[in-house]
Amino acid sequence: MIPRWAAAALAAPPAVFLAVFFLWPLTAIIARGLSAGALADALTDPGLRRVAWFTLWQAALSTMLTVLVALPGAYALSRFRFRGRAIVVALVTVPFVLPTVVVGAAFLALLPDRWHGTVTAILLAHVFFNYAVVVRTVGAMWAHLDPRLEEAARVLGASRWRAVREVTLPLLAPAVLAAASIVFLFSFTSFGVVLLLGGPRHPTIEVEIYRLTAQALDLPGAAALALLQLVTMGLVLAWWGRGQARRAQALRLQPAALAAQPPRTTGQRLFLGANLAFMACFLGLPLLRLVERSLWTPSGYSLDSWRALGREGAGTSRVVPPVEAIMTSLQFSLAAVVIAVVLGGCAACAIAYAQRGGRLLDTGLMLPLGTSAVTIGFGLLITMNRPPVDLRASWWIVPIAHALVATPFVVRAALPVLRSIDPRLREAAALLGAPPGRVWREVDLPLLGRALLVGAGFAFAVSFGEFGATAFLARAGTPTVPIAISQLLGRPGAVNVGQAHALSVILMVVTAAVMLAIEGFRSGRETF
Amino acid sequence: MLVVEGARVAFDGVAVLDGVDLCVATGEVVGVLGPSGCGKSTLLRVVAGLHVPDAGRVLWDGEDLAGTPPHQRRFGLVFQDYQLFPHRDVAGNVGFGLRMLGLPKPEVRSRTSELLELVGLPGYEHRRVGTLSGGEQQRVALARSLAPEPRLLLLDEPLGALDRDLHDRLVVELRELFERLGITAVHVTHDREEAAAIGDRVVVLPGRPPRPPA
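Residues numbered from 1 in each chain as written. Chains lettered and ligands numbered in written order. Predicted model: local features only at pLDDT ≥ 70, side-chain atom pairs only at ≥ 80, totals over all residues. Heavy atoms only, no water.

Trainee: How would you summarise the environment of glycine 139 of chain A if you had to cite specific residues and measurements?
Mentor: The topology assignment puts glycine 139 of chain A in helix H6 (residues 119–143). A sequence separation of 68 residues divides glycine 139 of chain A from leucine 71 of chain A, and the C-alpha atoms of the two residues are 8.4 Å apart. (Helix = DSSP H or I, 4+ residues; strand = E, 2+ residues; numbered from the N terminus.)

Trainee: An account of the pairing of strand S6 (residues 75–78) of chain B is needed here, citing residue identities and associated values.
Mentor: All names here are of chain B. Taking every second residue as pointing to the same face, both faces of S6 are buried, with Phe75 and Leu77 on one and Gly76 and Val78 on the other. Pairing of S6 with strand S7 (residues 152–156) involves four bridges; the strand directions are parallel. Within S7, the position partnered with glycine 76 by the bridge is leucine 153. (Buried < 20%, exposed > 50% of the residue type's maximum accessible area, 1.4 Å probe, protein only. Pairing = 2+ DSSP bridges.)

Trainee: Give a description of helix H18 (residues 397–420) of chain A that names residues and reports values.
Mentor: Over its 24 residues, H18 of chain A runs 35 Å from end to end, which matches the ideal 34 Å to within 8%, given 1.5 Å per residue. Approximately 35° is the largest bend angle found in H18 of chain A, and it occurs at valine 405 of chain A, with the proline proline 408 of chain A only one to four residues beyond. (Expected span 1.5 Å × (residues − 1). Bend = angle between axes of the 7 residues up to and from the residue.)

Trainee: So, the interface of chain A and chain B: which residues are in play, and what are the values?
Mentor: The interface is formed by 18 residues belonging to chain A together with 22 residues belonging to chain B. Carbon and sulfur atoms make up 65% of the area that chain A and chain B hide from each other, which totals about 1,800 Å². If you look at where chain A meets chain B, you find four salt bridges. As a salt-bridge pair, arginine 99 of chain B and glutamate 442 of chain A come within 2.8 Å of each other at their nearest N and O atoms. The tally of links from chain A across to chain B stands at seven residue pairs in polar contact (both at pLDDT 80 or more). Only helix H19 (423–431) and helix H20 (436–465) of chain A provide two or more residues apiece to the side of chain A that touches chain B. When residues in the side of chain A that touches chain B are grouped by element, the largest group, seven residues, is from H19 of chain A. By residue class, the composition of the side of chain A that touches chain B is twelve nonpolar, one polar and five charged. (Contact = heavy atoms within 4.5 Å. Buried area = accessible area lost by both parts, 1.4 Å probe. Salt bridge = Lys/Arg side-chain N within 4 Å of Asp/Glu carboxyl O. Polar contact = N/O pair within 3.5 Å; in protein donor to acceptor, adjacent residues only side chain to side chain. Nonpolar A, V, L, I, M, F, W, Y, C, P; charged D, E, K, R; others polar.)

Trainee: Can you tell me about unusual backbone geometry, naming the residues and giving the values?
Mentor: Notably, leucine 217 of chain A is not glycine yet its phi reads approximately 55°, a positive angle. Within the fold, leucine 217 of chain A resides in the loop between helix H10 (205–214) and helix H11 (219–247). Note on leucine 217 of chain A: relative accessible area 65%, which makes it exposed. Residue glutamine 83 of chain B is not a glycine yet carries a positive backbone phi of 55°. Judged by relative accessible area, which is 7%, glutamine 83 of chain B ranks as buried.

Trainee: With reference to specific residues and values, describe the side chain of glutamine 229 of chain A.
Mentor: Considering the arrangement of structural elements, one finds glutamine 229 of chain A in helix H11. Ignoring any residue separated from it by four or fewer positions in sequence, one finds glutamine 229 of chain A in contact with Phe188, Thr189, Ile205, Glu206, Ser372 and Thr375 of chain A.

Treat this as a map of the structure, not an account of what it does.
Given below as structure tokens:
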């Protein structure tokens, strides 16, 4: 389709970027973790073993709770047709796209003080955060499952529950497993939520890596933990991959419109109503409470916290005014979006047009998504601090880290579009007199443009709310919005907390608006 | 005048076209008839320059086109499934070739309207191609191919996807249109009646010889 040298030239920038800013730091972590018996020390240290064990069981419990709570929701949204369903599905997704710091701040605002620093708070926040993963992954499957399969079981003498258990659940199992794996990964690598809600008593591996690096300056120990983290995630991802392969079983999937019916019986209406009410309360209350708290001061409701955004924080050490954090975040995000769109666009074209090697680049670029943000930040911190690449003091280190996580979203948005272009469409343009470069500009570019816009939206939202990697890399004088929120929440005083709430509301509104705009932009597709 | 000499194309060692000769005089419409899978579409792709034949030559007025890429041949091709550009409206599709010629915008616009009138779709400029019926898409595809006034029009089963009534109506329309415009065309179909009704002359491309039993 295009000459090999051109595909190689397109693939080179993203490949080099990935190698320098991801693979090299990863190698450094592995080398450090394995050296000097750090791994053995970590594995035998009872304190670290407790951390690892806690990380594991809280993630498992979060996963089970999320699946249990969200399965009825998935059923309600996939099997019943009602007015406003598409909007409900979009709104349910909002918590999942919120920055972890916003979720942490919202639950701090919602839960009474005595629940702060408890496992319950962490679990609640994880279920809130991941509810959409199960609803959308399982719902997508459920929406297309032929209801007549269940009816066939009923006619053969199965009770309603028996039919669900014998027919529906086994067919859904792969989707449930896939969703559960994702929820487990997010809960396992959860950093912002645990840091804010768990307090010092409940550190996970991620929080401990951060503490060892930032406070104890124990880099080998942190590297050993990061290695442990990587191995666990590799295992879960491999298991997930197997589940995905099994998922491709021969199911006669139905168009969603056929499977979804308006609720008919009173029981169905009650079930649907109860689920919608639960979603509104569980997903809506924490966010509403955040807005309410941002307007609250010890002397009653006012806009004081919002006005205070322009002032320096109260405290012993100088804190930049939150408004500056917003400017910093905007600049970082803008740079990250540019890097991600350029690299992601190049990569998508190279992958789509190259006959060979495309898969490798595709998989490679996805890796940072499967790696925890803390690992990315930590890896960059320990490799970019000396020549040949000394970015320790560079402004660019933060947008680079953000771009690592954002680029896969750009690739995922652009690649299906490029692949779906019928080659004969390009032939039609050529026969109408368009030379090769013009064909690309007239056929590929306009279609790619929309996709890149969607990718840029994702990249912006990801970058604007990024916390885990930024915590390692942002300099003290220039915090981003998420960093400023976590700093303000850690300071005593109603003014600081009020500012944190106001900043969280801004972060929430910006992220949710970008995501809903993307959903709207993509509408015309099916709900799931 | 188009001359194809000994065109040979093989896929995985199986000859799809095996030494095909074809001659089309200027102003002539030739129907190429043959069973499905006999390489009719491949023949058109070879003529259009989209597929390089393993052997044989394609000549226009005596000039060998081997070194001429598709976009410089000034041949039009109507695909079987039209291949309208989904991101452009009807006018954007029909005017595409005119823009490639570098015509100024007002001229592109007026020529586009003329062509839409010619194919019986006046006022369709700003319709999205996704909203068109099969017959309308076919007409837009035809107008798009005719717009840059190609030296030769290639039609690949242009009416294959249409229902019987529409098919029969369009056969008559195409015939009249080609006569009125004095078009040189190669029209590929598996339908004997259609080939005879549209073409001045019909040639038959033999099917592949049955494979010897393994």
